[in-house]
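Listed below, chain by chain, are the residues.
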Amino acid sequence: MLLPNSAPGSVRSTPNGWVWILAYGIGTIILGVFALANPVVAGLAAGLVTGITLTAYGVLAIIAGVSARPTAGWTVPFGVLAALAGVLILFDPFAGALSVVFLIGVWLVLAGIFQLWIAFRNASGRGWNLLMGVLDLVLGLAVLFADPVSALGFLAAAVGISLLFRGTLLLAVALGLRRLGRAQ
């Protein structure tokens, strides 16, 4: 936000702007703890968000494809598929969350195989590539062969850990902005 009496082209935050970032960080950490403490609810939320996102994407793709038929008509079938998938997920959000977890498992397995392939082809960084390849492969197989509750737990843990780290980063940014504000 531009403050009065600031030089043209200079941008400064409001004196108390750091408070909002601090609140955002604290809220993010609380959500992360909630996701870790309630994996089933976090899985349901992930399913709902996925369903809403796919449905909205599908509708927008259909509108764009119909509006620009000669150039973007190919988006209509993709929009229909996305909207259909989104609506189906909204009817069963847990299945949607499990689909996301399944795709993460497949991605980890493929990433692990690729990382191992790189390790055997290149001597440079072979140890790290082997380590990452084995780690991704083991995690991916664990996810793919886990029971549904464990799979949702994995999704909740991944989201929860991400939110905890993101919230911690936001706290550091807020406190840094606070120090900068005091120094000026």
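Residues numbered from 1 in each chain as written. Predicted model: local features only at pLDDT ≥ 70, side-chain atom pairs only at ≥ 80, totals over all residues. Heavy atoms only, no water.

(A) Main features of the overall build of the protein. Of regular secondary structure, the protein possesses seven helices and zero strands. Out of the 184 residues belonging to the protein, those deemed buried represent 27%. Put simply, of all contacts in the protein between residues at least 6 apart along the chain, 72% involve residues at least 24 apart. About 11900 Å² of surface is accessible on the protein, with carbon and sulfur atoms providing 77% of the total. (Helix = DSSP H or I, 4+ residues; strand = E, 2+ residues; numbered from the N terminus. Buried < 20%, exposed > 50% of the residue type's maximum accessible area, 1.4 Å probe, protein only. Contact = heavy atoms within 4.5 Å. Areas by Shrake-Rupley, 256 points an atom, 1.4 Å probe, with all protein chains shown as cover.)

(B) Representation of the confidence of the model for the protein within the structure. Averaged over every residue, the pLDDT of the protein is 83; the share at 70 or more is 90%. For the protein, the element scoring lowest by mean pLDDT is helix 3 (residues 69-72), at 66; helix 1 (residues 17-37) scores highest, at 91. (pLDDT = per-residue confidence, 0-100.)

(C) Region of interest: the packing of helix 2 (residues 39-67) against helix 5 (residues 93-121). With their axes 7 Å apart at the nearest point, helix 2 and helix 5 run at an angle of 90° to one another. Judged by the angle between their axes, helix 2 and helix 5 are roughly perpendicular. Judged by residue contacts, V40, G43, L44, G47, L48 and T50 of helix 2 engage P93, F94, G96, A97 and V100 from helix 5. Here the residues of the contact of helix 2 with helix 5 are counted per class, giving seven nonpolar, four polar and no charged. (Axes fitted to C-alpha atoms, helices over the stretch in contact; angles between N-to-C directions. Parallel < 35°, antiparallel > 145°, perpendicular 65-115°, else oblique. Nonpolar A, V, L, I, M, F, W, Y, C, P; charged D, E, K, R; others polar.)

(D) Structural view of helix 5. Taking 1.5 Å per residue, 29 residues should reach 42 Å; helix 5 reaches 42 Å between its end C-alpha atoms and fits that length. Those residues of helix 5 that sit buried are P93, G96, A97, V101, G105, L108, V109, A111, G112, L116, I118 and A119. For helix 5, the secondary structure elements touched by its buried residues are helix 2, helix 4 (75-91), helix 6 (126-144) and helix 7 (148-183). (Expected span 1.5 Å × (residues − 1).)

(E) Examining the nonpolar core more closely. Formed by A97, V101, V143, A151, L152 and L155, the largest nonpolar core amounts to six residues. For this core, the secondary-structure elements that each account for two or more residues are helix 5 and helix 7. With three residues, helix 7 is the largest single contributor of residues to this core. Setting aside residues up to four positions removed in sequence, A97 forms contacts with G43, G47, L152 and L155. (Core = buried A, V, L, I, M, F, W, Y, C linked by side-chain atoms within 4.5 Å.)

(F) Highlighting a nonpolar patch on the surface. A cluster of nonpolar side chains, Y57, W74, F78 and L81, forms an exposed patch at the surface whose accessible area comes to about 510 Å². Counting through the fold element by element, F78 comes out in helix 4. (Patch = residues over 30% accessible without salt bridge, like charges linked within 9 Å, V, L, I, M, F, W, Y side chains within 5 Å. Salt bridge = Lys/Arg side-chain N within 4 Å of Asp/Glu carboxyl O.)

(G) Just the side chain of T55, in detail. Looking at where T55 falls in the secondary structure, it is placed in helix 2. Residue classification places T55 among the buried residues on the basis of a relative accessible area of 17%. A polar side-chain atom of T55 sits 3.3 Å from the main-chain amide nitrogen of V87. (Polar contact = N/O pair within 3.5 Å; in protein donor to acceptor, adjacent residues only side chain to side chain.)

(H) Examining the packing of helix 1 against helix 7 more closely. Look at helix 1 against helix 7: their axes get within 7 Å of each other, and the N-to-C directions meet at 160°. If you check the angle between helix 1 and helix 7, you find them roughly antiparallel. Helix 7 is crossed by helix 1, and the crossing has left-handed handedness. When its residues are assigned to classes, the contact of helix 1 with helix 7 shows 21 nonpolar, six polar and two charged. (Left-handed = near helix turned anticlockwise from the far one by under 90°.)

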